[in-house]
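One letter stands for each residue in the lines below.
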Amino acid sequence: VSIGQLVFGTFYDLGETEYGGATAGIIDYSRKETDEFGVTAFVRRAFSKRMSLRMMLDTTQINKVQRVLSDLRATPAVWIGADGDDFLPLVVYGFYRDFSIDVAYPTKSYCSLEVEGLT
């Protein structure tokens, strides 16, 4: 039994993830090298997870969400896009690359968030 990383911290509920727009993937740092004879060799390296999602939140919460995300810039954190074993690709330990808030309606707004994992 081993633990890759144990993270302690404060939990912030930023909004409700829209499942239709959530994406997950990886950034692969492996290399493919082809020599002058056309022989290709692969060097398998680490990868990092990434995810992009859009959340719905009450417009009354946009000040809090902007403050929390501004405070978390350049800070590794655990980002949970959705709960449950079926949604593990939407759990990333890393940092956010970008966020934007769309004040769509008087009572509801959206926040788009891009997270890049640490290898």
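Provided above is the structure to which this section pertains.
Residues numbered from 1 in each chain as written. Predicted model: local features only at pLDDT ≥ 70, side-chain atom pairs only at ≥ 80, totals over all residues. Heavy atoms only, no water.

### Brief notes about the overall build of the chain
Looking only at helices and strands, one finds one helix and eight strands in the chain. When the helices and strands of the chain are read in sequence order from the N terminus, they spell out β-β-β-β-β-α-β-β-β. Computed over C-alpha atoms, the radius of gyration of the chain comes to 18 Å, more than 25% over the 14 Å expected from 2.2 N^0.38 for 119 residues, which places it beyond the range of a compact globule. Considering only C-alpha atoms, the chain reaches an extent of 65 × 35 × 30 Å along its principal axes. In the chain, which comprises 119 residues, the share counted as buried stands at 24%. Of all intrachain contacts in the chain linking residues separated by at least 6 positions in sequence, the fraction that spans at least 24 positions is 59%. Accessible surface computed for the chain: about 8,600 Å², of which carbon and sulfur atoms make up 52%. Within the chain, one finds 12 positive and 16 negative side-chain charges whose respective centroids are separated by 4 Å. (Helix = DSSP H or I, 4+ residues; strand = E, 2+ residues; numbered from the N terminus. Rg over C-alpha atoms; globule rule 2.2 N^0.38 Å. Buried < 20%, exposed > 50% of the residue type's maximum accessible area, 1.4 Å probe, protein only. Contact = heavy atoms within 4.5 Å. Areas by Shrake-Rupley, 256 points an atom, 1.4 Å probe, with all protein chains shown as cover. Lys, Arg positive; Asp, Glu negative; His and termini not counted. Charge placed at Lys NZ, Arg CZ, Asp CG, Glu CD.)

### Looking at the environment of F87
Relative to the elements of secondary structure, F87 occurs in the loop between β6 (77–80) and β7 (91–102). Residues F87 and A24, spaced 63 residues apart in sequence, show a C-alpha to C-alpha distance of 9.7 Å. Once residues within four sequence positions are removed from consideration, F87 is found in contact with Y19 and A82.

### Topic: helix α1 (residues 62–71)
Every buried residue belonging to α1 is among I62, V65, V68 and L69, and all of these are buried. End-on view of α1: buried residues confined to an arc of 130°, all on one side of the axis. Exposed and oriented more than 90 degrees from the buried face of α1 are N63 and D71. Looking at the packing, one finds that the buried side of α1 touches β5 (47–58), β6, β7 and β8 (108–117). (Arc of directions from axis to C-beta.)

### Here's the deal with the nonpolar core
Of all hydrophobic cores here, the largest spans 20 residues; its most connected members are L69, W79, Y96 and L113. Counting only elements with at least two residues in this core, the list comes to β5, α1, β6, β7 and β8. Residues contacting L69, with those up to four places away along its chain left out, are L14, W79, Y96, F99, C111 and L113. (Core = buried A, V, L, I, M, F, W, Y, C linked by side-chain atoms within 4.5 Å.)

Limitation: the analysis is restricted to geometry and does not speak to function.
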